[in-house]
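Geometric and topological summary
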Amino acid sequence: MIDRKTSFETRAIHADKQRTKPSAGDPVIYPRVNSTVFRMSAGNDDDIIYTRHDNPNRRQLEAVLSSLEGGVACAAFSSGMAASTAIVQSLLPGDHVLIPENLYHGTRKLMQTIMKPWGLKSETVDMTRPELLEKAVRPETRLVWVETPSNPLLQITDIAEVAAICKRQNLLLVVDNTWPSPVNQQPLLLGADLVMHSTSKYIGGHSDLLGGAVIAKSENEFFDKIRDIQRSAGAVPSPDDCWLMLRSIRTLPYRMKGHNEHAGVIAEYLEQRSSVEKVYYPGLKGHPGHAVAKKQMCASGGMISFLVKGDRDAAARVVQGSSLIAPVTSLGGVESTWEHRIRSEGPDTATPANLIRLSVGLEHPDDLIADIELAFQQL
Ligand code: PLP
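A brief structural summary. These numbers come from a predicted model, not from an experiment. (Residues numbered from 1 in each chain as written. Predicted model: local features only at pLDDT ≥ 70, side-chain atom pairs only at ≥ 80, totals over all residues. Heavy atoms only, no water.)

1. Focus on unusual backbone geometry
In this structure, Pro149 follows Thr148 across a cis peptide bond, with omega equal to -5°. Inspection of the secondary structure puts Pro149 in the loop between strand E4 (141–147) and helix H6 (159–169). The omega torsion of the bond from Asn151 to Pro152 falls at 10°, within 30 degrees of zero and hence cis. As for its position among the elements, Pro152 is in the loop between E4 and H6. In this model, Ser207 sits at a positive phi of 55°, which is unusual for a non-glycine residue. Tracing the chain through its elements places Ser207 in the loop between strand E6 (194–198) and strand E7 (212–216). Note on Ser207: relative accessible area 53%, which makes it exposed. (Helix = DSSP H or I, 4+ residues; strand = E, 2+ residues; numbered from the N terminus. Buried < 20%, exposed > 50% of the residue type's maximum accessible area, 1.4 Å probe, protein only.)

2. Observations regarding helix H2 (residues 56–69)
The end-to-end C-alpha distance of H2, which contains 14 residues, comes to 20 Å, matching closely the 20 Å that a straight helix rising 1.5 Å per residue would cover. For H2, the tally of buried residues reaches twelve of 14 residues, placing the bulk of the element in the interior. Regarding H2, the residues found buried are Pro56, Asn57, Arg58, Gln60, Leu61, Glu62, Val64, Leu65, Ser66, Ser67, Leu68 and Glu69. Between the side-chain oxygen of the N-cap and the backbone nitrogen of Asn57 there are 2.7 Å, and the N-cap of H2 in question is Asn55. (Expected span 1.5 Å × (residues − 1). Polar contact = N/O pair within 3.5 Å; in protein donor to acceptor, adjacent residues only side chain to side chain.)

3. Quick notes on the packing of helix H10 (residues 252–272) against helix H14 (residues 365–376)
Geometrically, a packed helix pair is captured by the angle between its two axes and the distance between the axes. Contact pair H10 / H14: the axes reach a minimum separation of 10 Å and the direction vectors enclose 35°. Helix-helix and strand crossings are classified by hand; for H10 and H14 the assignment is right-handed. Judged by residue contacts, His262, Val265, Ile266, Tyr269 and Leu270 of H10 engage Pro365, Leu368, Ile369, Ile372, Glu373 and Phe376 from H14. Its residues placed into classes, the contact of H10 with H14 shows nine nonpolar, one polar and one charged. (Axes fitted to C-alpha atoms, helices over the stretch in contact; angles between N-to-C directions. Left-handed = near helix turned anticlockwise from the far one by under 90°. Contact = heavy atoms within 4.5 Å. Nonpolar A, V, L, I, M, F, W, Y, C, P; charged D, E, K, R; others polar.)

Below is the structure:
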């Protein structure tokens, strides 16, 4: 019997299993169910009838993600942005949202531009200082969005402290848990109402899957709206994507152990390197969010940002100068990748022009350091 007391690693492998007693000849790995239609009974609302609405592989994926985040329900989407969009579309016109100063630029665009004609109002707050959050709350504020560590500056927000403010002020707290993954951080257990994921990153883990998810602490009217948008607007993952995502999740705890360990080694190496002006990694003692990160995270994750000594062109040359580490925009794969981040964030970004965002993979750290040395020859 798999329940909440079963260890995380075991749930990652077994939480998708059907509850019925297995018989000889049953497949150990549940197959993909590609049929879009299912025979209907005389009238059971829980029946799977059409794949946009529900699908056996999606049910399994949602069960596993709920279990790993300590939630009661999950809605899986075709991308992280589809998941975030469903959350904000569940608000009402005129509702006000508080978002961090530093966060994934796509989420900022969703809040500030895409949802503006819908009547959504948003305001940025320095979430590393929760006392500022309390002051920013307005009568029409409905939701607080937290991303910790943030993309790309790895700012740390104290989830429990923000959750206490949200509780006092009757606000919903959403945490984008993409970067740490549920292995390193479990926001629902720290008081958040919803966790959002781009499963395209660590959960998928192999740079070959796009997906998103919303996991809820309790099934309530707000989550019902998200579920309705998932099923009715239809930005859902295919059965194949759900099946592959489940396969990835089976190794997630062990992949994260490698990402955490390797990133720790690389962050310390970068900190010593004379070509580097600054390293942003919460596992480093000098990081301003180190103490909070230690309190709420099991480990510091696989993402590092750093400033090279030099200008925008110097950073652009460095990311083209490696051999193993690929210059790409996404993250969380088993292979290391990096990005001259300003290129992806558009003209209104506050990201420093010489910032490189590194997703540390599972190659041996000695090989990665040799590759970074090769790239630094471009400086
Ligand atoms: N949230 C974070 C923290 C991200 O880094 C990203 C993508 O980079 C997203 C959300 C968006 O996810 P997706 O690309 O799956 O839509």
